[in-house]
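Spelled out from the first residue to the last, the chains are:
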Amino acid sequence: MAAGAGTLELPFTCDEQLTRRMRLRFQSLQQRNVRAQDGERLLRPNEHIFRVDFIQQHQLRFLRWDVQLERPGKVTVTGTSQLWTPDLTHLMNRQLLEPVGIFWKKPGTEEVLCNEADAQEFGERIAELAQIRKVMYFLLTFTGGLEPAQLKGSIVFKA
């Protein structure tokens, strides 16, 4: 997705299938009355898995986040490390990256705010990881009544 001359805008896409599979894992453990593996990260009801597909992997320089929220609320974007292969392994706490990107919209405003220093560092880290990954998965946590359908988000790079 082009954002302008020399830029590349890559959208966040909700991975419904992976989110559903992770919810089934949680339900399965509950039904069998079994604990999760040590350090395993189970999905909470307000969390969803999103992905970004890197159509270009090299020479990306992070420019900005483009996050739009249809209503007031907060979304926390947590990246996962390159060691997580969702089709082979469960998500472990050690595979969640820091810092996270936190974006929020206050009632009565149109502007989406964020902690700019953390968002900048997080975006730069994603640009580095893009060199070794074609797809990156993110854990998005929605609070304040916000739902996945009310988010439109992307990462913009200088290509």
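Before going into details, it helps to say that this report is about the structure given with it. (Residues numbered from 1 in each chain as written. Predicted model: local features only at pLDDT ≥ 70, side-chain atom pairs only at ≥ 80, totals over all residues. Heavy atoms only, no water.)

### Comments concerning helix 2 (residues 116-130)
And step 1. With 15 residues, helix 2 ought to run about 21 Å at 1.5 Å a step, and its terminal C-alpha atoms sit 21 Å apart, in line with that.
And step 2. A side-chain oxygen of the first residue of helix 2 lies 3.3 Å from the backbone nitrogen of Ala117; this N-cap is Asn115. (Helix = DSSP H or I, 4+ residues; strand = E, 2+ residues; numbered from the N terminus. Expected span 1.5 Å × (residues − 1). Polar contact = N/O pair within 3.5 Å; in protein donor to acceptor, adjacent residues only side chain to side chain.)

### Observations regarding unusual backbone geometry
And step 1. Across the junction of Glu98 and Pro99, the peptide omega takes the value 0 degrees, indicating a cis bond.
And step 2. Backbone geometry places Asn33, a non-glycine residue, at a positive phi of 55 degrees.
And step 3. Looking at the element boundaries, Asn33 is found in the loop between helix 1 (16-32) and strand 3 (47-53).
And step 4. With relative accessibility at 73%, the residue Asn33 sits in the exposed group. (Buried < 20%, exposed > 50% of the residue type's maximum accessible area, 1.4 Å probe, protein only.)

### Quick word on helix 1
And step 1. With 17 residues, helix 1 should reach 24 Å at 1.5 Å per residue; the first-to-last C-alpha distance of 24 Å fits that figure.
And step 2. Among the residues of helix 1, those classed as buried are Leu18, Thr19, Met22 and Leu29. Around the axis of helix 1, the buried residues are gathered within 110 degrees of arc, so they sit on the same side. Relative to its buried face, helix 1 has exposed residues pointing more than 90 degrees away, namely Gln17, Leu24, Gln31 and Arg32.
And step 3. Next to the buried residues of helix 1 lie strand 3 and strand 8 (135-143). (Arc of directions from axis to C-beta. Contact = heavy atoms within 4.5 Å.)

### A few points about the sheet that holds strand 2 (residues 13-14)
And step 1. Strands sit in the order 2-3-8-5-6-7 across an open sheet of six strands; the sheet is antiparallel. The open sheet has two edge strands with one neighbour each: strand 2 and strand 7 (113-114).
And step 2. As paired elements, strand 5 (residues 73-79) and strand 8 share six bridges and run antiparallel to each other. Considered in strand 8, the bridge of Gly79 is made with Phe138.
And step 3. Sitting on the sheet, helix 2 touches strand 5, strand 6 (101-105), strand 7 and strand 8, and the angle it makes with strand 8 is about 155 degrees. (Pairing = 2+ DSSP bridges. Axes fitted to C-alpha atoms, helices over the stretch in contact; angles between N-to-C directions.)

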